[in-house]
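So you can see what is in the structure, the chains are spelled out below.
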Amino acid sequence: MSVRAIRGAIQVESNTVASIHAGVKELLTAICENNALTPLEVISVILTSTPDLTADFPAAAAREIGFGAVPLLCAAEIDVPGALARVIRVMVHCESDKNADQISHIYLKGAVALRKDLAQ
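These lines cover the structure that appears in this document, whether it is placed above or below. (Residues numbered from 1 in each chain as written. Predicted model: local features only at pLDDT ≥ 70, side-chain atom pairs only at ≥ 80, totals over all residues. Heavy atoms only, no water.)

### A short note on the pairing of strand 4 (residues 87-96)
Counting buried residues along strand 4, eight of its ten residues qualify, which places the element largely inside the surrounding structure. Note: strand 1 (residues 2-11) against strand 4, ten bridges, orientation antiparallel. Its bridge partner lying in strand 4, arginine 7 is registered against methionine 91. One ladder, built from seven bridges, connects strand 2 (residues 42-49) with strand 4; its direction is antiparallel. (Buried < 20%, exposed > 50% of the residue type's maximum accessible area, 1.4 Å probe, protein only. Helix = DSSP H or I, 4+ residues; strand = E, 2+ residues; numbered from the N terminus. Pairing = 2+ DSSP bridges.)

Below is the structure:
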C-alpha cells in the first residue's frame, strides 16, 4: 500500500447548509466510489471553500457520511477576482494499492471548468 492524495471539487448551488452538505456528500461519495475506498482507508481530508460559502463547515457534512473518525480540516480558498464561485475543494489522503496514474480525481458540476483534463 502507498499513501495517495486524491483531488476533487464541486460547485454548489447556494450558500446554505443544505447545499453545502449535499455538495460535500456527493463529492466525497464519488471520490470513494471511483477509487474503491471506504472512510477506514482515508488518512485525512482537507476541505476548502470559496469565501462566499459561509453557512456551515464542509467537514460537518463529511462526518454525516462516515468520516467521523477521519481527521478533517476546513480552510478558506484565496479570494481571487474572477474565480469560480461557490466551490468546495477536497484533498483526500488515503492508503491505496493503486498507482498514482490509476487514481481518479473527481470534478463535478461547475467545477468541471477547473480541471477539464480530469473532470468526470
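### What about the sheet that holds strand 4?
Pairing in this open sheet of five strands is mixed, and the strands run 3-2-4-1-5 from one edge to the other. On the outer flanks of this sheet lie strand 3 (72-76) and strand 5 (106-108), each paired with one strand and no other. On average, adjacent strands in this sheet sit at an angle of 15° to one another, irrespective of strand direction. (Axes fitted to C-alpha atoms, helices over the stretch in contact; angles between N-to-C directions.)

### A few points about the pairing of strand 3
Both strand 2 and strand 3 contribute to a ladder of five bridges, which runs parallel. For isoleucine 46, the partnering residue across the bridge sits in strand 3 and is leucine 73. Tracing the backbone out of strand 2, into helix 2 (residues 58-64) and back to the parallel element strand 3 gives a crossover that is right-handed. (Right-handed = clockwise from strand over helix to strand, strands pointing away.)

### What to know about the pattern of salt bridges
This model, assessed by the stated rule, comprises three salt bridges. One salt bridge connects glutamate 64 with lysine 25, and the closest N-O pair in it is separated by 2.5 Å. With glutamate 64 in helix 2 and lysine 25 in helix 1 (residues 17-34), this residue pair connects regions lying 39 residues apart in the sequence. Where lysine 109 meets glutamate 26, a salt bridge forms, and the shortest distance between an N and an O atom there is 3.2 Å. With lysine 109 in the segment after strand 5 and glutamate 26 in helix 1, this residue pair connects regions lying 83 residues apart in the sequence. (Salt bridge = Lys/Arg side-chain N within 4 Å of Asp/Glu carboxyl O.)

### Quick look at the state of the cysteines
Here the structure, examined in full by the defined rule, presents zero disulfides. Sulfur of cysteine 32: no disulfide; nearest cysteine sulfur belongs to cysteine 94 and is 8.5 Å away. Judged by its relative accessible area of 13%, cysteine 32 is buried. When its relative accessible area of 1% is taken as the criterion, cysteine 94 is described as buried. (Disulfide = S-S within 2.5 Å.)

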